[in-house]
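Residue strings, one per chain:
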Amino acid sequence: EGMPEKAHALYRELKQDWNVFYDDGGAVGRRYRRQDEIGTPYCITIDGQTLQDNTVTIRERDSTEQRRIPMAAVADEIRKALKPQR
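Now for a quick tour of the structure. This is a predicted model, so every value here is computed, not measured. (Residues numbered from 1 in each chain as written. Predicted model: local features only at pLDDT ≥ 70, side-chain atom pairs only at ≥ 80, totals over all residues. Heavy atoms only, no water.)

**Comments concerning the pairing of strand β2 (residues 55–60)**
The two faces of a sheet get side chains in turn, since along a regular strand they alternate between them.
Here's step 1: Burial runs high along β2: six of the six residues are buried.
Here's step 2: Taken together, the five bridges between β2 and strand β3 (residues 66–70) define a ladder with antiparallel strand orientation. Opposite R59, over in β3, you have Q66 as the bridge partner.
Here's step 3: A loop of five residues connects β2 with β3, the two strands running antiparallel in sequence, and T64 in this loop sits at a positive phi of about 60°. (Buried < 20%, exposed > 50% of the residue type's maximum accessible area, 1.4 Å probe, protein only. Helix = DSSP H or I, 4+ residues; strand = E, 2+ residues; numbered from the N terminus. Pairing = 2+ DSSP bridges.)

**Structural notes on the layout of surface pockets**
Here's step 1: In this structure, the largest pocket encloses a volume near 860 Å³.
Here's step 2: Residue lining of the largest pocket: 28 residues in total, with F21, Y22, D23, C43 and I44 positioned closest to the centre.
Here's step 3: Elements with a minimum of two residues in the lining of the largest pocket: α1 (3–15), α2 (28–38), β1 (42–45) and α4 (74–82).
Here's step 4: In terms of residue count, α1 provides more of the lining of the largest pocket than any other element does, six residues in total.
Here's step 5: By residue class, the composition of the lining of the largest pocket is 20 nonpolar, five polar and three charged. (1 Å grid on protein atoms, 1.4 Å probe; cavity = no way out; pocket = protein on both sides within 12 Å on 5 of 7 lines; lining within 4 Å. Points joined across faces, edges and corners; volume = space filled by probe spheres on them. Nonpolar A, V, L, I, M, F, W, Y, C, P; charged D, E, K, R; others polar.)

**Remarks on unusual backbone geometry**
Here's step 1: Here N54, not a glycine, exhibits a phi torsion of approximately 60°, which is positive.
Here's step 2: On the secondary structure map, N54 appears in the loop between α3 (48–53) and β2.
Here's step 3: Since its relative accessible area comes to 34%, N54 is described here as partly exposed.
Here's step 4: Residues other than glycine seldom take positive phi values, yet T64 does so here, at roughly 60°.
Here's step 5: Tracing the sequence through the fold places T64 in the loop between β2 and β3.

**Quick word on the side chain of T45**
Here's step 1: Take T45: it is sitting in strand β1.
Here's step 2: One polar contact links T45 to Y32, side chain to side chain, over a distance of 2.7 Å. (Polar contact = N/O pair within 3.5 Å; in protein donor to acceptor, adjacent residues only side chain to side chain.)

**With respect to the nonpolar core**
Here's step 1: Counting residues in each nonpolar core, the largest one holds 11 residues, listed as A7, L10, L14, I46, V56, I58, I69, M71, V74, A75 and I78.
Here's step 2: If you list the elements that add at least two residues to this core, you get α1, β2 and α4.
Here's step 3: Setting aside residues up to four positions removed in sequence, I78 forms contacts with L14, W18, I44 and I58. (Core = buried A, V, L, I, M, F, W, Y, C linked by side-chain atoms within 4.5 Å. Contact = heavy atoms within 4.5 Å.)

Spelled out as structure tokens, the structure:
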């Protein structure tokens, strides 16, 4: 379908700067809960819409807020979110 290839490409990109984990087991809700339990601050989901418009869902652990962003903007969004507040 093309989703695994996009997911692996994003994984390789993010792995250059952060400790990332690729998880494709089970339903997305279960994946979110697993990642919440181990403390993953952000989850990125590749889905059917990704294939249409090259966007992904980014989910923030603490607020559980989810939003669509361009796949090319993921690294910058995470970098900005992890930047210490002054």
